[in-house]
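# An overview of the molecular structure
The chain contents come next:
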Amino acid sequence: MNTHAKTLVHTTVRPTPSTDPLSTTATSTTATGTTPSGSQETSRVGTLIRAHRLRIGLTQRELADLSTISVRAIRDLEQGKARRPRPDTVRLMADALRLGPRARTALEAAAQQGRSVGQGWVHPPAPPTALHAALGRQAETAVLERELTAGAERLVHVVGLAGVGKTRLALEVAERLHGAGTPVLWHAFPGATADYLSYGDAVLADRVARAAAELWGADPTEVGPAGAEGGSAAAAGTGAGTALGSLVDLLGEQPVLLVLDGAPAVPPRFDRLTALLRSCPGLRLLVTSDQPWEVPGERIFLLSPLEVPAEGTADAAVPSVRLFLDQVRRVRPEFTAGPADLERAAWLCGRLDGHPGALAAAASWLVVADLTTLCDSLDADPVALLDHLGAGAGADRFRTTLGRRLDRLSPGARALLDALCTPNGAPEAGARPAAASAGAEFGLTDVTALTGLGLPESGRMLRELLISGAVRAAHESGGSRFRVLGLVRAAARRAPQRA
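The following refers to the structure shown. Worth saying up front: this structure is predicted, and the values here are computed from it rather than measured.

## Section: the overall build of the chain
Counting its secondary structure elements, the chain contains 20 helices and 9 strands. Looking at the chain as a whole, 48% of its 499 residues are labelled buried. Considering only residue pairs separated by 6 or more positions, the chain has 72% of its internal contacts joining residues 24 or more positions apart. When the accessible surface of the chain is totalled, it reaches about 22,000 Å², and 54% of it is carbon and sulfur.

Laid out in C-alpha cells, this is it:
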C-alpha cells in the first residue's frame, strides 16, 4: 500500500512591518497553517478585513449587520480559518467597509489569490488500495479516465446492480488519476462495500465526511442570512464556518477528484452541490450507487455485468470466467480447471449473467460442494446461492439488496418487468407477444406491443429498467436489443406480485 505523507500545506501570510495595513507587498508562506505555538495565522484577506474594520471603529457584530455576512464568517476570515471568500461576500464586505477603489481592488486581489491557491498538499492524497485486480473493465476505465481528466464531465455517477463492480471501477479510475498527479479524496457512505485498504489520514477523512454530510442537508454551522444575494455561499451552506466551506478552502481551484462511494439514492441538496462545484472549478465528482440522482449536469454511467462466453464455448480468457476461476482459487487453492471444469465454469458464468458479486458468492460455496453440484443447484434456482457462504448473520444479503432495488421501480416499470419475466411475456422479434418465452431478447417495438402504450411511454419505462440494472442492452449492427438478467427474472418470480 502506498504510504504517501498526507501533510497539508496551508498558504499563510505574515503581515509585513509596513505601517500601511493596505500594503500589497508580497507575503511569505509556510508549510503549515499554524505558528510555532500552534495558533492559527491570519490570511492576507483576513488581515485586510480586520484592519479596515478597526480603522472605521466597527465591531464584528456591527460589520455583520451592515454586510449581512454572519459574525462567525467574519471571525473565521479574520482568524485565517477561512481563506477563500466568494466574490459576492467580498463585494458585500467592501460595501459595508466603505472601501475606495484602491482598497477594494487590494481586497479583491487577496481573495482571488486565496481562491486560486487553496491550501495544497505536500503529496497528493491517494485513493484506497484495491485488494483484487480489476478484470474486464478496460473500456469503462478508459472512458471515465478520459472524461474526468479532460474535465468534459464534472459529475459522473456510476450506477448498476449491487455487486456489479462499481467500487472496483472507481478505485481503478481514481488510481489512474492519482498516478497522473491528481489528488484523490475518498468517502464511503455507511453500507458501502469496503473491499480495499483505506489511507490513514483520519483528519482529512473526517473533514471530507462532514462536508459530504452537509451536502445531504446536515445543518451547516451558522450560515447567516443570504441578504440580497439569494445564491450566496452562506445561503448554499458553503460559506465560512461550515464543513463545505472548509472543503472549499482546502481545494481552491486546483484539480481534485472526490469519490463518493455508495452514495444515498436520495440526491443531495442541489444548491449546495452546485455551489461546491462552482466554488472549486478544478473539482471532479465520481459517485457510485445503485440509482442515479437525475440532477442537471449528472453524467449517468451504467455499469453492466462482465462479458460472458458465447453459448456452447468455454474460453478461460473471457473476463467473467477469469473472475470466477480466481474466486475459486481463493477458496480452493489447489483447484486446477480441466476441460470439463472449464465448460461448467463457462455455463455457470452465463447462468449468473457475468455478475461479479454473484460469481464470488457462487464460488464461496465450493468450500462445501463440488462444481457439478453447484451447477445443478444453480440450474434449478439461480437465486438460491446468491448469498456468500462466509457472510455473517448481519451481512446485507445480495438477494435482499436486489429485492429492495426492484421494489424501488415505478409501478409501470415493475409491471413491465413482471410481464417480461413471465413465460410468453417477451416476444421474439416480429412475433406476437404470446409467442415467446421469458428471457428472450426484445426491442423497444416489442415493449410497445406488450404494453399497448406509445413509444415515449414505453421508452421511459425501458430506460428505467436499464438504469436499475435489471435489463442489459446490446447495440450491434445498428440495432438495439435488450434482455432481462437471469438473476432478476428469478428474483422477480420469487417476489409477490403487486396488486
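From this point, things continue past the structure.
## Overview of the packing of helix α2 (residues 60-67) against helix α4 (residues 87-97)
For any two helices packed against each other, the geometry is given by the interaxial angle and the distance between the axes. The interhelical angle for the contact between α2 and α4, taken along N-to-C directions, is 110 degrees, at an axis separation of 9 Å. Considering their axes alone, α2 and α4 lie roughly perpendicular with respect to each other. At the point where α2 passes α4, the crossing takes the right-handed sense. In this structure, α2 uses L63, L66 and S67 to contact α4, whose residues at the interface are L92, M93, A96 and L97. For the contact of α2 with α4, the class distribution of residues is 6 nonpolar, 1 polar and no charged.

## Quick word on empty space enclosed by the protein
Summed over the entire model, instances satisfying the criterion amount to 3 cavities of 30 Å³ or more. The calculated volume of the second largest cavity comes to roughly 50 Å³. Considering the residues around the second largest cavity, the lining is formed by L161, V164, L302, L303, S304, P305, H355, G469, V471, R472 and L485. Residue composition of the lining of the second largest cavity, by class: 7 nonpolar, 3 polar and 1 charged.

## Quick notes on the packing of aromatic side chains
A complete count under the given rule lists 4 aromatic pairs for this structure. With a centroid separation of 5.5 Å and 75 degrees between ring planes, the pair formed by W216 and W293 is classed as edge-to-face. Linking W216 in the loop between α8 (202-215) and α9 (233-236) with W293 in the loop between β6 (283-289) and β7 (299-302), this pair joins segments that are 77 residues apart in sequence. W293 sits in the buried class, given a relative accessible area of 5%. With 6.0 Å between their ring centres and 35 degrees between their planes, F442 and F482 make a pair best called tilted.

## Some remarks on the nonpolar core
Ranked by size, the top nonpolar core spans 52 residues in total, and within it F324, L348, L352, L374, L417 and V488 carry the most contacts. Among residues more than four places away in sequence, those in contact with L417 are L406, L409, L465, A470, V484 and V488. Core analysis: the second largest hydrophobic core is formed by 28 residues, A212, L215, L260 and A263 among them.

## Focus on the sheet that holds β7
The parallel open sheet is built from 5 strands, whose spatial order is β3-β5-β6-β2-β7. The open sheet has two free edges, formed respectively by β3 (184-188) and β7, since each of these has just one partner strand. Going from strand to strand, the sheet's axes swing by 20 degrees on average, the running direction of each strand aside. As judged from the 6 bridges shared by strand β5 (residues 256-261) and β6, these two strands associate in the parallel manner. The partner of V256 across the bridge, within β6, is L283. Contacting β3 and β5, α8 runs over the sheet at an angle of about 65 degrees to β3.

## Describing the packing of helix α17 (residues 411-420) against helix α19 (residues 455-468)
Between α17 and α19, whose axes approach to 9 Å, the crossing angle comes to 80 degrees. By the angle class used here, α17 and α19 are roughly perpendicular. Two secondary-structure elements touch here, α17 through G412, A413, L416, L417 and L420 and α19 through M461, L462, E464 and L465. Across the contact of α17 with α19, the residue classes tally to 7 nonpolar, 1 polar and 1 charged.

## Thoughts on helix α12 (residues 319-331)
Between the first and last C-alpha of α12 there are 19 Å, a value that for 13 residues agrees with the 18 Å anticipated at 1.5 Å per step. Listing the buried residues of α12 in full gives P319, S320, V321, L323, F324, L325, Q327 and V328. For α12, the elements touching its buried residues are α13 (339-351), α14 (356-364) and α15 (371-380).

## Points about a nonpolar patch on the surface
There is a patch of nonpolar side chains on the surface, built from V331, V367, V368 and L389 and spanning about 310 Å² of accessible area. Overall, the relative accessible area of 52% leaves V367 in the exposed class.

Conventions we followed
- Residues numbered from 1 in each chain as written.
- Predicted model: local features only at pLDDT ≥ 70, side-chain atom pairs only at ≥ 80, totals over all residues.
- Heavy atoms only, no water.
- Helix = DSSP H or I, 4+ residues; strand = E, 2+ residues; numbered from the N terminus.
- Buried < 20%, exposed > 50% of the residue type's maximum accessible area, 1.4 Å probe, protein only.
- Contact = heavy atoms within 4.5 Å.
- Areas by Shrake-Rupley, 256 points an atom, 1.4 Å probe, with all protein chains shown as cover.
- Axes fitted to C-alpha atoms, helices over the stretch in contact; angles between N-to-C directions.
- Parallel < 35°, antiparallel > 145°, perpendicular 65-115°, else oblique.
- Left-handed = near helix turned anticlockwise from the far one by under 90°.
- Nonpolar A, V, L, I, M, F, W, Y, C, P; charged D, E, K, R; others polar.
- 1 Å grid on protein atoms, 1.4 Å probe; cavity = no way out; pocket = protein on both sides within 12 Å on 5 of 7 lines; lining within 4 Å.
- Points joined across faces, edges and corners; volume = space filled by probe spheres on them.
- Phe/Tyr/Trp six-rings, centres within 6.5 Å; stacked < 30°, edge-to-face > 60°.
- Core = buried A, V, L, I, M, F, W, Y, C linked by side-chain atoms within 4.5 Å.
- Pairing = 2+ DSSP bridges.
- Expected span 1.5 Å × (residues − 1).
- Patch = residues over 30% accessible without salt bridge, like charges linked within 9 Å, V, L, I, M, F, W, Y side chains within 5 Å.
- Salt bridge = Lys/Arg side-chain N within 4 Å of Asp/Glu carboxyl O.

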